[in-house]
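Listed below are the residues making up each chain.
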Protein chains: 2
Amino acid sequence: MSESAPKFRREPAEHRKEALIQATISLVAERGVAGATVREIAKQAEVTQGLIRHYFSTKEELIMAAFEHHMRHMTNLTAAPVAGIHISHKARLAAFVVTGLKPPVATPRFISLWAGFLNKVRNDAQMRVIHEKTYYDFRDRLEALIKNALIEANKPATPTQLRRLAIACNAVIDGLWLEGGALPSAFKPNELPEIGLASVGAIVGLDLDDPGDLS
Amino acid sequence: MSESAPKFRREPAEHRKEALIQATISLVAERGVAGATVREIAKQAEVTQGLIRHYFSTKEELIMAAFEHHMRHMTNLTAAPVAGIHISHKARLAAFVVTGLKPPVATPRFISLWAGFLNKVRNDAQMRVIHEKTYYDFRDRLEALIKNALIEANKPATPTQLRRLAIACNAVIDGLWLEGGALPSAFKPNELPEIGLASVGAIVGLDLDDPGDLS
DNA sequence: TCTATTATTATACAAATGTATAATTATCGA
DNA sequence: TCGATAATTATACATTTGTATAATAATAGA
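Residues numbered from 1 in each chain as written. Chains lettered and ligands numbered in written order. Predicted model: local features only at pLDDT ≥ 70, side-chain atom pairs only at ≥ 80, totals over all residues. Heavy atoms only, no water.

> Is there a simple way to think about the protein's contact with DNA strand D in this case?
Residues in contact with DNA strand D amount to 24 residues; listed here are only the nearest, A:Arg53, A:Lys59, B:Arg16, B:His54 and B:Tyr55. Backbone atoms, meaning sugar and phosphate, make up 62% of the atoms of DNA strand D lying within 4 Å of the protein. A:Arg53 places a side-chain nitrogen or oxygen 2.4 Å from a phosphate oxygen of DNA strand D. Looking at the surface near DNA strand D, the elements with two or more residues in it are α2 (38–44) of chain A together with α3 (50–55) of chain B. Of the residues forming the surface near DNA strand D, the biggest block, four residues, is contributed by α3(B). Within the surface near DNA strand D, the residues separate by chemical class into seven nonpolar, seven polar and ten charged. (Near = heavy atom within 4 Å. Polar contact = N/O pair within 3.5 Å; in protein donor to acceptor, adjacent residues only side chain to side chain. Helix = DSSP H or I, 4+ residues; strand = E, 2+ residues; numbered from the N terminus. Nonpolar A, V, L, I, M, F, W, Y, C, P; charged D, E, K, R; others polar.)

This is the structure:
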């Protein structure tokens, strides 16, 4: 018995940061911002609380990192399925809408996370920057999809029109996402994606239910 | 100098409750849920902190009362302008949309409040009940407006269609409200109400920009 | 193998928070 | 005018919180 089990392991810095960020996200989602204390975060990440300060000089810094991480994750979840594959632009737009209104994006968990973080956006300039960036990124992607779908249908729109269509469609998606996540019991399965397709279709003037021409 | 100035005044219970609720709302709006501590609430309401427990047996009870109060207030703000007055049903629907997308409803303050409270909805059954009630109340009013406007235009819809239209229009309004309140700088003056009218109009199949027939 | 580095744990601390209880005092009715 | 009631203040207390510092030990490199 000359050798005793090591009391801890040194992990690569990025692993630990990632674990702490994931723990933070998990706690904000499940117990709200108030539940995300340094001690609970450390417990969830399976480290002692002192280690947090080794990687993040303050708790706010960790919260911000988690916010940024989650927002990027969410945009990727929605945008990824429509990138790369070779389908019509209309089908791309439809896929984008549907993806944002199904799990895992449209879930109580994501709503909680978003509401928890948003609460801090008001009083923190850096949080506001992240929020702003995420918003424009999402809306710009949507605008590009709409633009291409309209050109494809031989109904091109002016920049001003496109801007307004993107704002409106973004609102429909956000609103349905919110309703579904905040009160899941109020909707039937698949109802939200269906309503999303019909509404975005009505706004931009395309029939998104029609699968259309797959190239 | 036999008489000294009274050290405090006894107020009617409802006044004090109202003051405490208003103080809570104000703090949640401006400093987030974390800023709404019993001491700050008491200071804002100009009482000492012990008094809070005299009217609310726990802090959660006060928060809930504030949530309910604010939600009722918000629904009233949106619904009141369209009640009573004698205009066409289409104009009523249009007014409802516009009111929800202008100050004081569509403001950063209201978004902060809403996000702050929503954060507690996830883990508190009573908060969930209030949220649910408010949501259905708002959506039902909207559905009634849509129904009447469609009948008026000789385009009656089935209950299933109406339900979906109400969900979709509610989403547009909520989404635009959210976008505008969370990032006011991203929109031009009046842009949100205009987009709201155009989008809701496109979804239900009515031209809401047209003032229509005033009865 | 040994040493320096630093990741990690362990402990401490002051401030803030919700709640509880005791002490005052404004105010109403007799 | 005076005593009873309860609205209000004053004080206390145990917990929790974020942060800071000291102690330990895993691990890479010489």
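> What is the right way to read the nonpolar core from this model?
Within soluble globular proteins, side chains that are nonpolar generally end up buried alongside one another. Membership of the largest hydrophobic core comes to 148 residues, with the highest contact counts inside it found for A:Ile146, A:Trp177, B:Ile146 and B:Trp177. Among all residues touching B:Trp177, those that are not within four sequence positions of it are B:Met74, B:Gly100, B:Leu101, B:Val105, B:Ala106, B:Phe110, B:Ile111 and B:Trp114. (Core = buried A, V, L, I, M, F, W, Y, C linked by side-chain atoms within 4.5 Å. Buried < 20%, exposed > 50% of the residue type's maximum accessible area, 1.4 Å probe, protein only. Contact = heavy atoms within 4.5 Å.)

> Explanation requested: the domain arrangement of chain A in the structure shown.
Interfaces are often sized by the amount of accessible area the parts lose when they come together. All names here are of chain A. As far as domains go, chain A holds domain 1 (11–57) and domain 2 (63–204). For domain 1 versus domain 2, the distance between C-alpha centres works out to 28 Å. Contact residues are listed per partner, giving eleven residues for domain 1 and ten residues for domain 2. Both faces considered, domain 1 and domain 2 share a buried interface measuring about 930 Å² in area, 76% of it formed by carbon and sulfur atoms. (Domains from an automatic or database assignment. Buried area = accessible area lost by both parts, 1.4 Å probe.)

> What's the story with the layout of surface pockets in this structure? I'm lost.
If a probe the size of a water molecule is rolled over the atoms, the empty space left behind becomes visible. Of the volumes computed, that of the largest pocket is approximately 490 Å³. Contributing to the lining of the largest pocket are 23 residues, with A:Val33, A:Ala34, A:Asn119, B:Val33 and B:Ala34 lying nearest its centre. When contributions to the lining of the largest pocket are tallied by element, the ones reaching two or more residues are α1 (13–35), α4 (59–79) and α6 (108–121) of chain A together with α1 (13–35), α4 (59–79) and α6 (108–121) of chain B. The residue inventory of the lining of the largest pocket, partitioned by class, reads seven nonpolar, six polar and ten charged. In this structure, the second largest pocket occupies an estimated 240 Å³ of space. If you trace the second largest pocket, you find it lined by B:Phe8, B:Arg9, B:Arg10, B:Glu11, B:Arg16, B:Glu46, B:Val47, B:Thr48, B:Leu51, B:His54 and B:Tyr55. For the lining of the second largest pocket, the element with the most residues is α3(B), which contributes three residues. A breakdown of the residues in the lining of the second largest pocket according to their chemical character gives four nonpolar, two polar and five charged. (1 Å grid on protein atoms, 1.4 Å probe; cavity = no way out; pocket = protein on both sides within 12 Å on 5 of 7 lines; lining within 4 Å. Points joined across faces, edges and corners; volume = space filled by probe spheres on them.)

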